[in-house]
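# Coordinates in review
Residue strings, one per chain:
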Amino acid sequence: MRITTISILALLASQAIGADQPPIGISPVALTDSAYVYDTAEQHGIKVTVLAKGLARSFSMAFLPDGDLLVSERGGQLRVIHDATGAAPELDPQPVAGMPQLATPYRNGGLNDLALHPDFAQNHLLYFSYNKPEPGGAERPRSAVALMRGRYENGRVEDVQELFSS
């Protein structure tokens, strides 16, 4: 039986519920081992390795050319796992600076998906979707989905621009 290693699944399963948003979906799984093996309908023997614990609702990820991993926390912060493809991955304790922040967090508001520009190694452009607030009252905040872009360099995002909003 061939075992396929998918470290990403453990990253997604390691989500902690953030105090600033109401619980959504099922409770997070307590990860007690460093690796797990799963069978699915499509593949057997999928090995999942835990890269980091303590992320608040990890949503999307993008591997950087240097082996680090950017991880978006749904509605929240952008985080970095250093040496994600190496022997000793480590979650940076501080969120990435320079990302847009919601003044008042609300369900489904804030950061979501991530994508690197095809020439990221040269231009350092990071694209991300973001649910931004729209007028609608405090009882039921409304949001618009925006496509945004920033330059990720030296551990921070700069020059953030909104490219499109629905």
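As the structure is a prediction and not an experimental result, all values here were calculated from the model. (Residues numbered from 1 in each chain as written. Predicted model: local features only at pLDDT ≥ 70, side-chain atom pairs only at ≥ 80, totals over all residues. Heavy atoms only, no water.)

Moving on: the overall build of the protein chain. A count of helices and strands for the protein chain gives two helices and 13 strands. Taking all 166 residues of the protein chain together, 36% fall into the buried category. Across the protein chain, contacts joining residues at least 24 apart in sequence account for 45% of those joining residues at least 6 apart. Within the structure as shown, the protein chain displays about 9500 Å² of accessible surface, and the carbon and sulfur contribution to it stands at 53%. (Helix = DSSP H or I, 4+ residues; strand = E, 2+ residues; numbered from the N terminus. Buried < 20%, exposed > 50% of the residue type's maximum accessible area, 1.4 Å probe, protein only. Contact = heavy atoms within 4.5 Å. Areas by Shrake-Rupley, 256 points an atom, 1.4 Å probe, with all protein chains shown as cover.)

Before going further, it helps to examine the nonpolar core. Grouped together as the largest cluster of nonpolar side chains are 19 residues, with contacts concentrated most on Leu70, Leu78, Leu114, Phe128 and Tyr152. For tyrosine 152, the residues in contact, after removing those within four places along its chain, are Leu64, Leu70, Val80, Val96, Phe120, His124 and Val157. Counting residues in hydrophobic clusters, the runner-up holds nine residues, among them Leu55, Val71, Ala84 and Leu91. (Core = buried A, V, L, I, M, F, W, Y, C linked by side-chain atoms within 4.5 Å.)

Here asparagine 112 is to be found in strand β10 (residues 110-116). When sequence neighbours within four positions are dropped, the list of residues in contact with asparagine 112 reads Phe59, Ser60, Ser72, Arg74, Gly75, Ser129 and Asn131.

Before going further, it helps to examine unusual backbone geometry. Phi is positive for aspartate 83, close to 55°, though the residue is something other than glycine. Phi angles above zero are rare outside glycine, and asparagine 154 is one such case at about 55°. With respect to the helices and strands, asparagine 154 occurs in the loop between β12 (142-153) and β13 (156-165). On the accessibility criterion, asparagine 154 (80% relative accessible area) is exposed.

All right, on to the pattern of salt bridges then. Where side chains of opposite charge bring their charged atoms close, a pairing between them can arise. Tallied over the entire structure, the rule returns four salt bridges. Between aspartate 159 and arginine 151 there is a salt bridge, with its nearest N and O atoms 3.9 Å apart. (Salt bridge = Lys/Arg side-chain N within 4 Å of Asp/Glu carboxyl O.)

Taken together, the side chains of Leu147, Leu163 and Phe164 present a nonpolar region at the surface, about 270 Å² in accessible area. Positionally, leucine 163 belongs in strand β13. By relative accessible area, which is 38% here, leucine 163 ends up partly exposed. (Patch = residues over 30% accessible without salt bridge, like charges linked within 9 Å, V, L, I, M, F, W, Y side chains within 5 Å.)

Moving on, we get to the sheet that holds strand β6 (residues 58-63). Pairing is antiparallel across the open sheet formed by four strands, whose spatial order is β6-β7-β8-β9. Lying at the two open borders of the sheet, with one neighbouring strand each, are β6 and β9 (90-91). Note that strand β8 (residues 78-82) and β9 share two bridges and pair antiparallel. Within β9, the position partnered with histidine 82 by the bridge is glutamate 90. (Pairing = 2+ DSSP bridges.)

Bringing the sheet that holds β10 into the picture now. The strand order across the open sheet built from four strands is β10-β11-β12-β13, with neighbouring strands paired in antiparallel fashion. A single partner strand is all that each edge strand has here, and the edge strands are β10 and β13. Direction aside, neighbouring strands of the sheet carry axes that sit 30° apart on average. In this sheet, β12 lies alongside strand β11 (residues 125-134) in antiparallel orientation, the contact comprising 10 bridges. For leucine 125, the partnering residue across the bridge sits in β12 and is arginine 151. (Axes fitted to C-alpha atoms, helices over the stretch in contact; angles between N-to-C directions.)

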